[in-house]
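If you want the building blocks of each chain, they are given just below.
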Amino acid sequence: MPELTVNSPLGPLTLIEADGAIIELDWRRAVKEEPSKLLKTGKDELEGYFSAELKMFSLPVNPKGTAFQKQVWEQMVKIPYGQVLTYGNVAKTLSSSPRAVGTACGRNPIPIIIPCHRIMGANGKLTGYTGAGGTKTKSFLLDLESHQARLPLADKSESPS
(Lines give C-alpha, C1' and ligand atoms only; values in the text may rest on other atoms or scores of the structure.)
Protein backbone atom coordinates (compact mmCIF):
# COMPACT_ATOMS: atom_id res chain seq x y z
CA MET A 1 0.00 0.00 0.00
CA PRO A 2 1.33 3.45 -0.84
CA GLU A 3 2.33 5.57 2.13
CA LEU A 4 3.86 8.99 2.67
CA THR A 5 5.33 10.74 5.71
CA VAL A 6 4.17 14.20 6.67
CA ASN A 7 6.35 16.17 9.06
CA SER A 8 4.09 17.88 11.59
CA PRO A 9 4.40 19.81 14.86
CA LEU A 10 3.44 16.51 16.49
CA GLY A 11 6.24 14.56 14.82
CA PRO A 12 6.12 12.34 11.76
CA LEU A 13 2.69 11.21 10.56
CA THR A 14 2.22 8.63 7.84
CA LEU A 15 -0.72 8.59 5.47
CA ILE A 16 -1.63 5.19 4.02
CA GLU A 17 -3.75 4.73 0.90
CA ALA A 18 -5.66 1.80 -0.55
CA ASP A 19 -8.07 1.73 -3.48
CA GLY A 20 -8.09 5.51 -3.95
CA ALA A 21 -8.84 6.43 -0.32
CA ILE A 22 -6.92 7.20 2.88
CA ILE A 23 -7.27 4.20 5.18
CA GLU A 24 -4.86 5.13 8.01
CA LEU A 25 -2.88 7.95 9.56
CA ASP A 26 -0.12 6.55 11.78
CA TRP A 27 2.16 8.29 14.28
CA ARG A 28 5.41 7.14 12.61
CA ARG A 29 7.63 7.54 9.56
CA ALA A 30 6.75 5.65 6.40
CA VAL A 31 8.60 2.37 6.01
CA LYS A 32 8.86 2.93 2.27
CA GLU A 33 7.75 6.23 0.74
CA GLU A 34 5.43 5.69 -2.22
CA PRO A 35 3.94 9.10 -2.93
CA SER A 36 0.75 9.00 -4.98
CA LYS A 37 -1.34 11.95 -6.13
CA LEU A 38 -3.81 11.32 -3.29
CA LEU A 39 -1.06 11.08 -0.67
CA LYS A 40 0.53 14.31 -1.93
CA THR A 41 -2.86 16.00 -1.65
CA GLY A 42 -3.18 14.56 1.86
CA LYS A 43 0.22 15.92 2.78
CA ASP A 44 -0.72 19.36 1.44
CA GLU A 45 -4.00 19.30 3.36
CA LEU A 46 -2.34 18.24 6.62
CA GLU A 47 0.27 20.98 6.21
CA GLY A 48 -2.59 23.46 5.60
CA TYR A 49 -4.36 22.18 8.70
CA PHE A 50 -1.28 22.57 10.88
CA SER A 51 -0.73 26.11 9.58
CA ALA A 52 -4.38 26.88 10.54
CA GLU A 53 -5.28 27.60 6.92
CA LEU A 54 -7.35 24.46 6.21
CA LYS A 55 -10.58 24.02 8.16
CA MET A 56 -12.04 20.96 6.42
CA PHE A 57 -10.36 17.99 4.78
CA SER A 58 -11.55 16.94 1.32
CA LEU A 59 -9.74 13.60 1.19
CA PRO A 60 -11.63 10.42 0.42
CA VAL A 61 -11.38 8.13 3.44
CA ASN A 62 -12.24 4.48 3.93
CA PRO A 63 -11.47 3.52 7.53
CA LYS A 64 -11.78 -0.13 8.45
CA GLY A 65 -14.10 -0.75 11.37
CA THR A 66 -17.45 -2.07 12.50
CA ALA A 67 -20.72 -0.53 11.33
CA PHE A 68 -21.08 1.21 14.72
CA GLN A 69 -17.53 2.56 14.64
CA LYS A 70 -18.16 3.97 11.17
CA GLN A 71 -21.33 5.68 12.46
CA VAL A 72 -19.32 7.32 15.25
CA TRP A 73 -16.58 8.40 12.82
CA GLU A 74 -19.23 9.89 10.50
CA GLN A 75 -20.51 11.94 13.45
CA MET A 76 -16.97 13.15 14.20
CA VAL A 77 -16.51 14.46 10.66
CA LYS A 78 -19.69 16.54 11.11
CA ILE A 79 -18.26 18.43 14.11
CA PRO A 80 -17.16 21.83 12.77
CA TYR A 81 -13.57 22.97 13.05
CA GLY A 82 -12.94 24.59 16.44
CA GLN A 83 -15.98 23.03 18.10
CA VAL A 84 -16.38 20.02 20.35
CA LEU A 85 -19.03 17.60 21.51
CA THR A 86 -19.05 15.20 24.43
CA TYR A 87 -19.11 11.44 24.16
CA GLY A 88 -22.63 11.72 25.59
CA ASN A 89 -23.76 14.14 22.86
CA VAL A 90 -22.63 11.73 20.17
CA ALA A 91 -24.07 8.74 22.05
CA LYS A 92 -27.51 10.36 22.16
CA THR A 93 -27.41 10.93 18.40
CA LEU A 94 -26.68 7.23 17.88
CA SER A 95 -28.90 5.89 20.71
CA SER A 96 -25.81 4.42 22.32
CA SER A 97 -23.67 4.90 25.41
CA PRO A 98 -20.82 7.37 25.99
CA ARG A 99 -18.49 4.44 26.73
CA ALA A 100 -19.25 2.78 23.37
CA VAL A 101 -18.59 6.07 21.60
CA GLY A 102 -15.31 6.42 23.50
CA THR A 103 -14.26 2.94 22.44
CA ALA A 104 -15.02 3.77 18.80
CA CYS A 105 -13.03 7.00 19.13
CA GLY A 106 -10.07 5.03 20.41
CA ARG A 107 -10.18 2.78 17.36
CA ASN A 108 -10.25 5.62 14.81
CA PRO A 109 -7.58 4.69 12.23
CA ILE A 110 -7.45 8.17 10.67
CA PRO A 111 -7.06 10.67 13.54
CA ILE A 112 -6.93 14.39 12.78
CA ILE A 113 -8.66 13.87 9.41
CA ILE A 114 -11.49 12.07 11.21
CA PRO A 115 -11.30 14.46 14.18
CA CYS A 116 -11.68 12.28 17.27
CA HIS A 117 -9.89 15.05 19.21
CA ARG A 118 -13.15 17.03 18.99
CA ILE A 119 -14.89 14.60 21.35
CA MET A 120 -14.56 15.42 25.04
CA GLY A 121 -15.57 13.86 28.31
CA ALA A 122 -18.52 15.15 30.30
CA ASN A 123 -18.25 18.82 31.27
CA GLY A 124 -15.29 19.37 28.94
CA LYS A 125 -12.87 16.94 30.56
CA LEU A 126 -9.92 15.98 28.39
CA THR A 127 -10.02 12.22 28.31
CA GLY A 128 -7.66 9.86 26.51
CA TYR A 129 -6.29 10.27 23.02
CA THR A 130 -4.64 7.47 21.09
CA GLY A 131 -2.19 9.66 19.19
CA ALA A 132 1.40 10.06 20.31
CA GLY A 133 1.43 12.33 23.35
CA GLY A 134 -2.07 11.38 24.48
CA THR A 135 -4.10 14.23 25.97
CA LYS A 136 -1.27 16.72 25.35
CA THR A 137 -1.69 16.06 21.63
CA LYS A 138 -5.47 16.35 21.92
CA SER A 139 -5.09 19.66 23.73
CA PHE A 140 -2.64 20.90 21.06
CA LEU A 141 -5.11 20.08 18.27
CA LEU A 142 -8.01 21.76 20.05
CA ASP A 143 -5.89 24.84 20.73
CA LEU A 144 -4.75 24.93 17.11
CA GLU A 145 -8.37 24.96 15.99
CA SER A 146 -9.93 27.38 18.42
CA HIS A 147 -7.59 28.67 21.10
CA GLN A 148 -10.60 28.31 23.41
CA ALA A 149 -12.46 25.12 22.58
CA ARG A 150 -15.83 25.38 24.29
CA LEU A 151 -18.51 22.79 24.84
CA PRO A 152 -21.98 23.37 23.54
CA LEU A 153 -24.70 23.44 26.14
CA ALA A 154 -24.83 19.79 27.08
CA ASP A 155 -26.74 17.64 29.49
CA LYS A 156 -24.95 18.13 32.82
CA SER A 157 -26.14 14.72 34.00
CA GLU A 158 -23.77 12.85 31.67
CA SER A 159 -21.34 10.56 33.33
CA PRO A 160 -17.65 10.91 32.46
CA SER A 161 -16.38 8.55 29.79
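Residues numbered from 1 in each chain as written. Predicted model: local features only at pLDDT ≥ 70, side-chain atom pairs only at ≥ 80, totals over all residues. Heavy atoms only, no water.

Chemist: Is there a simple way to think about the sheet that holds strand 2 (residues 11-18) in this case?
Modeler: Strand pairing in a sheet is mediated by backbone hydrogen bonds. Such pairs are either parallel or antiparallel. On the basis of which strands lie adjacent, the open sheet formed by three strands has the order 1-2-3 and antiparallel pairing. The sheet is open, and its two edges are formed by strand 1 (3-8) and strand 3 (21-26), each paired on a single side. For this sheet the average axis-to-axis angle between neighbouring strands, irrespective of direction, equals 25°. Pairing analysis gives five bridges linking strand 2 to strand 3, with the strands arranged antiparallel. Across the sheet, T14 pairs through a bridge with D26, a residue of strand 3. Its contacts with the sheet put helix 1 (residues 37-50) on strand 1, strand 2 and strand 3, and the angle it makes with strand 1 is roughly 15°. (Pairing = 2+ DSSP bridges. Helix = DSSP H or I, 4+ residues; strand = E, 2+ residues; numbered from the N terminus. Axes fitted to C-alpha atoms, helices over the stretch in contact; angles between N-to-C directions. Contact = heavy atoms within 4.5 Å.)

Chemist: When you look at the packing of helix 2 (residues 67-78) against helix 3 (residues 87-94) in this model, what are you seeing that I'm missing?
Modeler: Axes are the key here: two packed helices are described by the angle between their axes and the distance separating the axes. Between helix 2 and helix 3, the shortest axis-to-axis distance is 11 Å and the interhelical angle comes to 120°. Judged by the angle between their axes, helix 2 and helix 3 are oblique. In the packing of helix 2 onto helix 3, the handedness of the crossing is right-handed. Contacts between helix 2 and helix 3 involve F68, Q71, V72 and Q75 on the former and, on the latter, V90, T93 and L94. Of the residues belonging to the contact of helix 2 with helix 3, the class tally is four nonpolar, three polar and no charged. (Parallel < 35°, antiparallel > 145°, perpendicular 65-115°, else oblique. Left-handed = near helix turned anticlockwise from the far one by under 90°. Nonpolar A, V, L, I, M, F, W, Y, C, P; charged D, E, K, R; others polar.)

Chemist: Whenever I open this one, helix 2 confuses me. Can you help?
Modeler: Taking 1.5 Å per residue, twelve residues should reach 16 Å; helix 2 reaches 17 Å between its end C-alpha atoms and fits that length. Residues Q69, V72, W73, Q75 and M76 constitute the buried set of helix 2. For helix 2, the arc enclosing every buried residue in end-on projection is 155°, short of the 170-degree limit, so these residues lie on one face. In this structure, helix 2 carries A67, E74 and K78 as exposed residues pointing more than 90 degrees from its buried face. (Expected span 1.5 Å × (residues − 1). Buried < 20%, exposed > 50% of the residue type's maximum accessible area, 1.4 Å probe, protein only. Arc of directions from axis to C-beta.)

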